Amino acid sequence: MRRVALFGASGSIGRQTLDVLRRLKDWRLVGVSVHNNTEALAKIYAEFKPKYVVITGAAKPPEGVKALYGREGLVEVASAEDVDVVVVATNGIIGVFPTMEALKRGKRVALANKETLVAFGPFVKEVAHLGELVPIDSEHSSAFQLLNGVKREEVKKLILTASGGPFRTWPKEKIAKARPEDALKHPTWRMGAKITIDSATLMNKGLEVIEAHFLFDLPADMIDVRIHPQSAIHAILLLKDNSLKMHVSRPDMRIPIQYALTYPERVEIDIPPYLPPDTEDVVFTLEMPDTERFPALSLAYYALRLGGTYPAVLNAANEVAVYAFLDGKLPFYGITDVVERVLGENPYRKAKTFGEYLEADRWARRRAEEIIRRYPGPR
Ligand code: NDP
Ligand code: MG
């Protein structure tokens, strides 16, 4: 039997992980965390009766249940002897603490939370070999599977695909006036609000390029992006002889979630293949991304090339700007404007320690808030 702790159990990835666990034989959910959602916690508790309940925000524990709290609670459960696998599907950088703790103890971490790697990549890398770090993010799950059995010197490029989001075909003037409700209409994936906005700006793909750099030890020049509106090919390897190796499945996160749990085994799943007769009109199109309309991608490459705390600053400023856009406090292109300004001012250029990276994250959030408060023009 494998014993799982699932952090961020009430979210989009969390709910889909619960769905996978309901069907997997010999797996038990022994720990969960939620942030604010009391109702979801009560339901999950009633169904799975996990031994550990962690609350990171304002949620109330189910009656008679002694909960653990905050970052310390997550770390305690991640290090518990009776937890084998930790699924990190929270939002935000809090994910780094249980991730590193579980890896240090030789456990498997199935990682959905991309902020952890983007902001603290060098530190996670240092401890990754002590345990097993298996990505859930669909592009990285595909890349992980594609790279398996391929000689590194035969790989020319790793290509991550992006759906292009809801504004793929919109002209720049129209995108500039986009409202949160427009940006929340993702064409292929159903996800949490923050990542859905990141998909509309393409910052999500930028964060994923950085994530791939740390996961697979590839330089920025070896990671490319192509727009693929069908979201069926998740990653592509361009090999030495110019042949392409691709990984294809329906856009359903339960496939990479299940794989991150059962790897190296592959097990049956109740999702049909992306292939006739199960899918009609199988079409694959691939386009170059337009960095003029979607500057977030260039900003992410810029931060990755500068290295150090720049990705952490990019991630923090972006997170604040995305929530400001959702609150109607910033226009759509205000998100990338704010990120660009905060990156340009980063005072943590020489930072080395984990503590300094955390400070850089806090500074970037404060600075982004200040810039947003004085942001000119209509919202
Ligand atoms: P959701 O917003 O749907 O869910 C987030 C989960 O984390 C909820 O359980 C929420 O609790 C909890 N949470 C929210 N804020 C905090 C916080 N500050 N500290 C701790 N826990 C918090 O997000 P998603 O499931 O979409 O995404 C989760 C992570 O996975 C993100 O890092 C995202 O980038 C990544 N990811 C998501 C994909 C997807 O398809 N959704 C694909 C690839 C990666 P509560 O509900 O109680 O507030
Ligand atoms: Mg992804």
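See the structure shown above.
Computed from a predicted model, the values in this text were never measured in an experiment.

### Quick look at helix α12 (residues 296-306)
If you check which residues of α12 are buried, you get Ala-296, Leu-297, Leu-299, Ala-300, Tyr-301, Ala-303 and Leu-304. Against α9 (193-201), α10 (203-216), β9 (223-227), α13 (310-326) and α14 (332-345) lie the buried residues of α12. Where α12 ends, the next residue or the one after it, Gly-307, has phi of about 70 degrees, a positive value.

### Let's talk about the site of ligand 1
Around ligand 1 sit 24 residues, and of these Ser-10, His-35, Asn-36, Asn-37 and Glu-115 come closest. Measuring from an oxygen atom of ligand 1, one finds a backbone N or O atom of Asn-36 at 2.7 Å. Partitioning the shell around ligand 1 into residue classes produces 9 nonpolar, 12 polar and 3 charged. Here the shell around ligand 1 spans two domains, since at least three of its residues come from each of domain 1 (2-135) and domain 2 (142-251 + 287-373).

### Structural notes on the packing of helix α5 (residues 114-128) against helix α15 (residues 354-373)
For the pair α5 and α15, the least separation of the axes is 11 Å and the interaxial angle reads 180 degrees. In terms of orientation, α5 lies roughly antiparallel with respect to α15. Residue-level contacts link Ala-119, Phe-120, Pro-122 and Phe-123 of α5 to Phe-354, Tyr-357 and Leu-358 of α15. Among the residues forming the contact of α5 with α15, the class breakdown is 7 nonpolar, no polar and no charged.

### Quick notes on the sheet that holds strand β8 (residues 155-162)
The strand order across the open sheet built from 4 strands is β9-β8-β10-β11, with neighbouring strands paired in mixed fashion. This sheet does not close on itself; its edge strands, each paired only once, are β9 and β11 (244-248). This sheet shows a mean twist of 25 degrees between the axes of neighbouring strands, independent of strand direction. Set on the sheet, helix α6 (residues 138-147) makes contact with β8, β10 (233-239) and β11; between it and β10 the angle comes to about 40 degrees.

### A word on the sheet that holds strand β2 (residues 27-34)
The 7 strands are arranged β4-β3-β2-β1-β5-β6-β7 in an open sheet whose pairing can be described as parallel. With partners counted over all chains shown, the strands left at the sheet margins are β4 (68-69) and β7 (132-135), one partner each. The sheet strands contacting helix α11 (residues 254-262) are β2, β5 (85-88), β6 (108-111) and β7, and the helix crosses β6 at an angle near 170 degrees.

### Things to note about the packing of aromatic side chains
Enumeration over the complete set of coordinates arrives at 11 aromatic pairs. Summarising the aromatic geometry, the rings of Phe-123 and Phe-354 are spaced 5.4 Å apart at their centres and angled 85 degrees between planes, so their arrangement reads as edge-to-face. A residue pair is termed long-range when its members are at least 10 positions apart, and Phe-123 in helix α5 and Phe-354 in helix α15 qualify at 231 residues. Looking at Phe-123, the relative accessible area reads 9%, which means it is buried. For Phe-354, a relative accessible area of 22% puts it in the partly exposed group. Grouped by ring-pair contacts, the aromatic residues Phe-97, Phe-120, Phe-123, Phe-354 and Tyr-357 constitute a single cluster. Above the plane of the ring of Phe-97 lies Arg-71, whose end atom (NZ or CZ) is 3.8 Å from the centre. When the ring centre of Trp-170 is taken as reference, the NZ or CZ atom of Lys-174 above it lies at 4.0 Å.

### Let's talk about the nonpolar core
Counting residues in each nonpolar core, the largest one holds 131 residues, and the members touching the most others are Leu-314 and Phe-332. If one sorts the elements of this core by residue count, α13 sits on top with 11 residues. Both domain 1 (2-135) and domain 2 (142-251 + 287-373) contribute no fewer than three residues apiece to this core.

### Looking at α13
Spanning 17 residues, α13 covers 24 Å between terminal C-alpha atoms, matching the ideal 24 Å at 1.5 Å per step. Two residues or fewer after α13 comes Gly-328, characterised by a positive phi angle close to 75 degrees.

### Examining the coordination of the magnesium ion (ligand 2)
At the metal site, the magnesium ion (ligand 2) is ligated by Asp-137 (OD), Glu-139 (OE) and Glu-208 (OE), and these contacts range over 2.1 Å. You can call Glu-208 buried: its relative accessible area is 1%.

About the cut-offs
Residues numbered from 1 in each chain as written. Chains lettered and ligands numbered in written order. Predicted model: local features only at pLDDT ≥ 70, side-chain atom pairs only at ≥ 80, totals over all residues. Heavy atoms only, no water. Buried < 20%, exposed > 50% of the residue type's maximum accessible area, 1.4 Å probe, protein only. Helix = DSSP H or I, 4+ residues; strand = E, 2+ residues; numbered from the N terminus. Contact = heavy atoms within 4.5 Å. Near = heavy atom within 4 Å. Polar contact = N/O pair within 3.5 Å; in protein donor to acceptor, adjacent residues only side chain to side chain. Nonpolar A, V, L, I, M, F, W, Y, C, P; charged D, E, K, R; others polar. Domains from an automatic or database assignment. Axes fitted to C-alpha atoms, helices over the stretch in contact; angles between N-to-C directions. Parallel < 35°, antiparallel > 145°, perpendicular 65-115°, else oblique. Pairing = 2+ DSSP bridges. Phe/Tyr/Trp six-rings, centres within 6.5 Å; stacked < 30°, edge-to-face > 60°. Lys NZ or Arg CZ within 6 Å of the ring centre and 35° of its normal. Core = buried A, V, L, I, M, F, W, Y, C linked by side-chain atoms within 4.5 Å. Expected span 1.5 Å × (residues − 1). Donors = N, O, S within 2.8 Å, 3.2 Å for Na, K, Ca; no water.

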